[in-house]
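Chains, contacts and geometry: an overview
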Amino acid sequence: MTLTDTHCHLYLEQFEEDIDEVYRRSVEAGITHIFLPAIDWKSFKKMDDLHHPEITFYKMAGIHPCSVEDVWPYEEQKLSDLCEREDVWAVGETGLDYYWSTDFVDQQKSSLRMHCNMAKSTGKPIVLHNRESTKDLLDIIEEEQDGNLTGVWHCFTGTEEEGKRAIDLGLHLGIGGVSTFKNAGVNKTVAKLPLDKMILETDAPYLTPAPHRGKRNEPSYIKLIADNLAGLHERTLQEIAEVTSQNAFKLFGVK
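Residues numbered from 1 in each chain as written. Predicted model: local features only at pLDDT ≥ 70, side-chain atom pairs only at ≥ 80, totals over all residues. Heavy atoms only, no water.

Some words on the side chain of Thr-6
Tracing the chain through its elements places Thr-6 in the loop between β1 (3-5) and α1 (19-28). At 2.7 Å, the side chain of Thr-6 and the backbone oxygen of Leu-200 are in polar contact. (Helix = DSSP H or I, 4+ residues; strand = E, 2+ residues; numbered from the N terminus. Polar contact = N/O pair within 3.5 Å; in protein donor to acceptor, adjacent residues only side chain to side chain.)

Some details on the packing of helix α6 (residues 134-144) against helix α7 (residues 160-168)
Two elements in contact, α6 and α7, have axes whose closest approach is 10 Å; the angle formed by their N-to-C orientations is 20°. As far as their axial angle goes, α7 and α6 are roughly parallel. Helix-helix and strand crossings are classified by hand; for α6 and α7 the assignment is left-handed. Only Glu-162, Arg-165 and Ala-166 of α7 make contact with α6, whose side of the interface consists of Thr-134, Lys-135, Leu-138, Asp-139 and Glu-142. Split by residue class, the contact of α6 with α7 holds 2 nonpolar, 1 polar and 5 charged. (Axes fitted to C-alpha atoms, helices over the stretch in contact; angles between N-to-C directions. Parallel < 35°, antiparallel > 145°, perpendicular 65-115°, else oblique. Left-handed = near helix turned anticlockwise from the far one by under 90°. Contact = heavy atoms within 4.5 Å. Nonpolar A, V, L, I, M, F, W, Y, C, P; charged D, E, K, R; others polar.)

Here's the deal with the pairing of strand β7 (residues 171-175)
For a regular strand, the rule is simple: side chains alternate between the two faces of the sheet. Most of β7 is tucked away, with 5 of its 5 residues classed as buried. In β7, alternate side chains face the same way, and those of Leu-171, Leu-173 and Ile-175 on one face and His-172 and Gly-174 on the other are all buried. Following the backbone out of strand β6 (residues 151-153), through α7 and into the adjacent parallel β7, one traces a crossover that is right-handed. Summarising the sheet, β7 and strand β8 (residues 198-200) pair through 3 bridges and their orientation is parallel. (Buried < 20%, exposed > 50% of the residue type's maximum accessible area, 1.4 Å probe, protein only. Right-handed = clockwise from strand over helix to strand, strands pointing away. Pairing = 2+ DSSP bridges.)

Observations regarding the pairing of strand β4 (residues 88-97)
In terms of burial, β4 is largely enclosed, as 9 of its 10 residues are buried. In this sheet, β4 lies alongside strand β3 (residues 56-61) in parallel orientation, the contact comprising 3 bridges. If you follow Ala-61 over to β4, its bridge partner there is Val-91. Looking at chain direction, β4 and strand β5 (residues 126-131) are connected through 5 bridges and run parallel. Looking across to β5, one finds that Gly-95 is bridged to His-129. Each parallel crossover has a hand, and the one from β4 via helix α5 (residues 105-122) to β5 is right-handed.

So, the pattern of salt bridges
Scanning the entire structure with this criterion turns up 17 salt bridges. Glu-21 is paired through a salt bridge with Arg-24; the nearest N and O atoms lie 2.7 Å apart. Linking Glu-21 with Arg-24, this pair stays in helix α1, spanning 3 residues, or about one helical turn. On the accessibility criterion, Arg-24 (35% relative accessible area) is partly exposed. For Asp-87, the salt bridge is made with Lys-59, and the minimal N-O distance between the two is 2.9 Å. Taken together, the positions of Asp-87 in the loop between α4 (76-83) and β4 and Lys-59 in strand β3 put the pair 28 residues apart, joining distant regions of the chain. Taking relative accessible area as the criterion, Asp-87 reaches 27% and is therefore assigned partly exposed. Here Lys-59 falls in the buried class, since its relative accessible area comes to 10%. (Salt bridge = Lys/Arg side-chain N within 4 Å of Asp/Glu carboxyl O.)

Concerning the sheet that holds strand β2 (residues 31-36)
Taken together, 8 strands build an open sheet; the order of strands is β1-β2-β3-β4-β5-β6-β7-β8 and the sheet is parallel. The sheet terminates laterally at β1 and β8, the two strands that pair on one side only. Taken over all neighbouring pairs, the strand axes of this sheet differ in orientation by 30° on average, direction set aside. As judged from the 3 bridges shared by β5 and β6, these two strands associate in the parallel manner. Following the sheet pairing, Ile-126 is matched in β6 by Gly-151. Running over the sheet, α5 touches β4 and β5 and is turned about 155° from β4. Of the strands in this sheet, β1, β2, β3, β4, β5, β6, β7 and β8 touch helix α10 (residues 237-252), which is tilted by about 100° from β8.

Keep in mind these values describe shape, not function.
Here's what the structure looks like:
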């Protein structure tokens, strides 16, 4: 069984002390592919330190919306140079976040549009962060969509209608730990949306799925998310692993 974690910040300091054990548990859980979204300029260099003979790592390039205020204004050419590299598989993560602060909303929107342009010009998918900004996010994607924009709504927590709108706009839905929270309502929504537009993610070290909620997240927990999704869609774990991995490979252009 092959499982794919399409969104994992494995390069962060939370994994420095036991990275080998994290690798071991990932392999034991069937994780063979891990996609690494960037947070800022420093993220990209840290990704190069990740190595394991049984896991393939895929780098992304981008500026997280919560990092925009620290680097704004940033050079569009610098972002372009990174996104055009052959070892970069996606643009992001980018998006909008109104939870922590709304002081830099205009800069976040400008950054998002810049990332959209990079995604369209390179033909690579865009990875979208969204927190309390769904309407603005989807409105901008609709405005930027010219038939060439693909991507994923990372950590999908929307309504059924929002999920369908995102799919209609050319996006996949990133299904993560929140879908295992019984009181969040996301599980009921995910059960109603098409499996062929879903990919699995942990967002490790954040958003740890049940029953480990409150602890550090890690790639091996993708199996818990997959098992939960299997129950929601009345499929076997093997079927979920195959479908979501193939969805991810197609989206990110992995042969």
